[in-house]
Amino acid sequence: MTNQVLIQNLKNLLSETYILMLKSQNYHWNVTGSNFHALHVMFQEHYENMFQAVDELAERIRAIGAVAPGTFNQFQSLSQINSEAVQTKDREMIESLISDHKILVETAKKVVEEAQKEQDDATMDMAIERIQTHEKFIWMLQSSR
Ligand SMILES: [Fe+2]
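Residues numbered from 1 in each chain as written. Predicted model: local features only at pLDDT ≥ 70, side-chain atom pairs only at ≥ 80, totals over all residues. Heavy atoms only, no water.

Describing the packing of helix H1 (residues 4-30) against helix H4 (residues 90-118)
Right, on to step 1. The interhelical angle for the contact between H1 and H4, taken along N-to-C directions, is 160°, at an axis separation of 9 Å. Taken together, H1 and H4 sit at an angle that is classed as roughly antiparallel. Where H1 crosses over H4, the two elements pack in a sense that is left-handed.
Right, on to step 2. Of the residues that constitute the contact of H1 with H4, the class distribution is 13 nonpolar, eight polar and six charged. (Axes fitted to C-alpha atoms, helices over the stretch in contact; angles between N-to-C directions. Helix = DSSP H or I, 4+ residues; strand = E, 2+ residues; numbered from the N terminus. Parallel < 35°, antiparallel > 145°, perpendicular 65-115°, else oblique. Left-handed = near helix turned anticlockwise from the far one by under 90°. Nonpolar A, V, L, I, M, F, W, Y, C, P; charged D, E, K, R; others polar.)

Below you can see the structure in the form of structure tokens.
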């Protein structure tokens, strides 16, 4: 049966993705400044991607026999990312998102590591895809500074 560390790592990945989705949407709504339009659109692209990802991650957790977390309290307690998005300046929003996406990359790498031990190729593929996506988002954010 699937190891508990893998399940825990997947729950962390789901939770952090959910929190960062919410935070990206918050910034989509509240960003201001001369770069408003580009950031407004980019933040939407990011949260829409993560909206799809949380569904796939949660269903993967179900498929390997565990229960997916599904409340804000659970997501927050399973996440290293804080949903309290107090930044109001566009530059600060970008810096905050970059560090959050880096956390996601590290969490997804842990999933890859554990999935490899289990020879769980489907979970590994999913986590590798998330690494690629978050690294792409980091590049997009860094290029918007
Ligand atoms: Fe919108």
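Observations regarding the pattern of salt bridges
Right, on to step 1. Enumeration according to the criterion identifies six salt bridges in this entry.
Right, on to step 2. Its salt-bridge partner being Glu 114, residue Lys 117 comes within 2.8 Å of it at the nearest N-O pair. Taken together, the positions of Lys 117 and Glu 114, both in helix H4 and three residues apart, correspond to about one turn of that helix.
Right, on to step 3. The exposure class of Lys 117 is exposed, given its relative accessible area of 57%.
Right, on to step 4. Owing to a relative accessible area of 9%, Glu 114 belongs among the buried residues under this scheme.
Right, on to step 5. The salt bridge partner of Arg 130 is Glu 129, with a shortest N-O separation of 3.5 Å. (Salt bridge = Lys/Arg side-chain N within 4 Å of Asp/Glu carboxyl O. Buried < 20%, exposed > 50% of the residue type's maximum accessible area, 1.4 Å probe, protein only.)

Regarding the environment of Gln 25
Right, on to step 1. With respect to the helices, strands and loops of the structure, Gln 25 is situated in helix H1.
Right, on to step 2. Taking the C-alpha atoms as reference, Gln 25 lies 11 Å from Ser 83; in sequence the two are 58 residues apart.

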